[in-house]
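Analysis of the macromolecular model
The chain contents come next:
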Amino acid sequence: MSNRNVQIVWYKRDLRIRDHAPLNRAALAGDVLPLYIVEPAILSADDMDAMHFEFIRDCLESLRESLTALGAPLIVKTGEAVAVFESLAQRFEITAIHCHEETGNALTFARDKSVLQWARARGIDIHEVPNNGVVRRLGSRDGWASIWAQRMHQDPVEPPGDLSAVAIEVDEIPDARSLNLCHLHPAVEKRQQTQIGGEGAAWQTLESFVAERGHRYQREISAPAIARRSCSRLSPYIAYGVLSIRQIVDYVGRSNFTGRPASAFISRLHWHCHFIQKLESEPDIEFRCFNPLYETLRGAPDPKKLIAWQQGRTGYPFVDACIRSLQNSGWINFRMRAMLTSFAAYDLWLDWRSFRDFLARQFIDYEPGIHISQLQMQSGVTGINTPRMYNPVKQGYDHDPAGEFIREWVPELANVPTLFIHEPWKMSPLEIAETGMQPGTHYPMPIVDHQQAIRHARAAIAKVRNSDAHGSQADAVFVKHGSRKRSGDRQSASAYRQRRGKGQDGRRFDRPAADHGQLSLFE
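Read on for a plain summary of the structure.

Cut-offs applied
Every chain begins its residue count from 1, and numbering advances along the sequence as written. In view of the model being predicted, local features appear only for residues whose pLDDT reaches at least 70, and side-chain atom pairs are presented and counted only at 80 or more, with totals across whole chains, interfaces and linings using the full set of residues. Note that the side-chain values use all heavy atoms of the structure and ignore hydrogens as well as water. Runs of H or I in DSSP of at least four residues are treated as helices and runs of E of at least two as strands, each being numbered from the N terminus. Only protein chains enter the accessibility calculation, which uses a 1.4 Å probe. A residue is then buried if its area is under 20% of the maximum for its type, exposed if over 50%, and partly exposed in between. Note on contacts: a residue pair is in contact if any heavy atoms of the two residues lie within 4.5 Å. Two strands qualify as a pair provided DSSP detects at least 2 bridges between them. To get an axis, fit a line to the C-alpha atoms, keeping to the stretch in contact for a helix; angles then go from 0 to 180 degrees between the N-to-C directions. In the analysis that follows, any N or O atom pair within 3.5 Å is treated as a polar contact, provided that within protein one partner can donate a hydrogen and the other can accept it, and provided that, for residues neighboring in sequence, both atoms belong to side chains. Whenever a carboxyl oxygen of Asp or Glu lies within 4 Å of a side-chain nitrogen of Lys or Arg, that contact is scored as a salt bridge. Paired rings are identified among Phe, Tyr and Trp, the last through its six-membered ring, by centres lying within 6.5 Å, and are further divided according to the angle between planes into stacked (under 30 degrees), edge-to-face (over 60) and tilted (the rest).

Another point: the overall build of the protein chain. Secondary structure assignment for the protein chain yields 22 helices and 7 strands. Out of the 523 residues in the protein chain, the part that is buried amounts to 60%. Sequence separation of at least 24 residues holds for 79% of the intrachain contacts in the protein chain that already meet a minimum separation of 6.

Laid out in structure tokens, this is it:
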């Protein structure tokens, strides 16, 4: 062990030892100090939840065990990144910092820039390696699919055989309570986390999906109760880099998991990177609409409607069941995420930014690039996607026909007959007396009339879409962010214009055939 020629491996959203090029490069260059920094500014942000850190802590414990077996245990320090690096630089001769590129929120972006400036001033090299299929400084979306495919077809990097460690103390990894995170958002005390972190848990989840659960993937990913098992449930492991996309593609390719289910699953891995690429290419979309014409579409949100939606008290049983289930476990399937967003954005006419951080705190698999892109797309503010306005009652009939999911999460309705479980406000006085459930007293009446709300939303969006400036703005969004469906496909703004169609009643809706991501978020 030595204090000279120290190679720091800076772990962020890449909590694994396999397929980790920075770790391998550091191992070849000198003594290795694997480092994870618990950053107070990031932990106290509005999109962070104690649930997130508890999952991360599981991953850190697993990662420390794996790295210890290689000879260099994971070092966990609490503090802002530059301060932590400076304290280490005063003790060790740091030659280089090795890490993956990260596409996070504005806080992590600013943090990375500050560390880079500090390192340059110190004369310390920083080596950043691409992570998954997101391309830094991408000049054009043309050909992006080819880059993704090229990266995914490379063999995953095997971990080094052993590491030459640095002489440093190994402190305990803090938990959410010791960091006072449990008091940020009171509701987290009631949450019952259903997934644990770490490479072992990640591989078990992948193996069970490919061997058995995934064969019902296409048929069972829409109904929330069934989807708990039939979706891959890999999303939190991907979000925190416990598994790389390349590892998953490689594992599926060597398995007997084939046919349409496997093809659908792989396509979602592609879309995962596609959406994160949007934030990488245009970080400002965290705070503003893709299409500036929609900035003032909705105005100030109604706080009563927002709170009712957050609490699962909208009077629409299926919506309320989904939001309560999500808050309890930190996960719900994609179709229900889309429905919850649709209800907030169209029925309640809430700006996506008013519930962006609330939903981020609920998702154990919160990934900023996917989250922000999906909220904007599902809220109809991109200008290049057909607005998808889900009928919350129809969704209930389609995906919970017997009302079992509703009864599980909205116990106020436990005695309501199946005939009325999706629309309890339609019960007669006799049925109300028999069930003991009085709509408006024991359970809210619908907070809005769905049909009226949707008519208003369609008219308001159509007014923007039919404006003279909308075509050119939509063209700009598509050229920068629209998907190119086939590898090497070059689709210009003029080709996009030719595909623009018209919606109901002659309203012009922009429908790029290749950007169908509203159906394809990774689950």
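Moving on, we get to the sheet that holds strand S1 (residues 6–11). Taken in spatial order, the 5 strands line up as S3-S2-S1-S4-S5 in an open sheet, and their pairing is parallel. Of all the strands in the sheet, the pair left with one neighbour each is strand S3 (75–78) and strand S5 (125–129). Strand after strand, the sheet turns through a mean of 30° between neighbouring axes, direction not considered. Sheet topology places strand S2 (residues 31–38) next to S3; 4 bridges connect them, and they run parallel. For Leu-35, the partnering residue across the bridge sits in S3 and is Ile-75. The strands touched by helix H4 (residues 81–89) within the sheet are S1, S2, S3 and strand S4 (94–100), with S2 carrying the most contacts at an inclination of about 150°.

Now for the pairing of S2. Counting buried residues along S2, 8 of its 8 residues qualify, which places the element largely inside the surrounding structure. Burial of the side chains of S2 extends over both faces: Asp-31, Leu-33, Leu-35 and Ile-37 are buried on one face and Val-32, Pro-34, Tyr-36 and Val-38 on the other.

Attention shifts here to helix H12 (residues 303–311). Among all positions in H12, only Leu-306, Ala-308, Trp-309 and Gln-310 are buried. Looking at the buried side of H12, the elements it contacts are helix H13 (317–329), helix H14 (334–347) and helix H15 (352–362). One side-chain oxygen of the residue at the start of H12 lies 3.0 Å from the amide nitrogen of Lys-304, identifying that residue as Asp-302. Just downstream of H12 lies Gly-312, where phi reads positive at about 70°.

Further remarks concern the environment of Trp-331. The topology assignment puts Trp-331 in the loop between H13 and H14. Taking relative accessible area as the criterion, Trp-331 reaches 4% and is therefore assigned buried. Contact partners of Trp-331, with chain neighbours within four places excluded, come to Ala-227, Arg-228, Cys-231, Arg-233, Ser-235, Ser-325, Leu-326, Arg-337, Gln-362 and Asp-365.

Counted by the stated rule, this structure contains 30 salt bridges. Asp-250 is paired through a salt bridge with Arg-254; the nearest N and O atoms lie 3.0 Å apart. Under the relative-accessibility criterion, Asp-250 is labelled partly exposed at 22%. By relative accessible area, which is 60% here, Arg-254 ends up exposed. One network of salt bridges, in which partners are shared, links Lys-12, Glu-39, Glu-102, Arg-111 and Asp-112.

On to the packing of aromatic side chains, then. Evaluated as defined, the whole model comprises 16 aromatic pairs. Geometrically, the ring pair formed by Phe-55 and Tyr-237 is tilted, given 5.5 Å between the ring centres and 50° between the ring planes. Of this pair, Phe-55 sits in helix H3 (residues 50–70) while Tyr-237 is found in helix H9 (residues 235–239), placing the two residues 182 residues apart along the sequence. Judged by its relative accessible area of 0%, Phe-55 falls in the buried class. Residue Tyr-237 is classed as buried on the basis of its relative accessible area of 1%.

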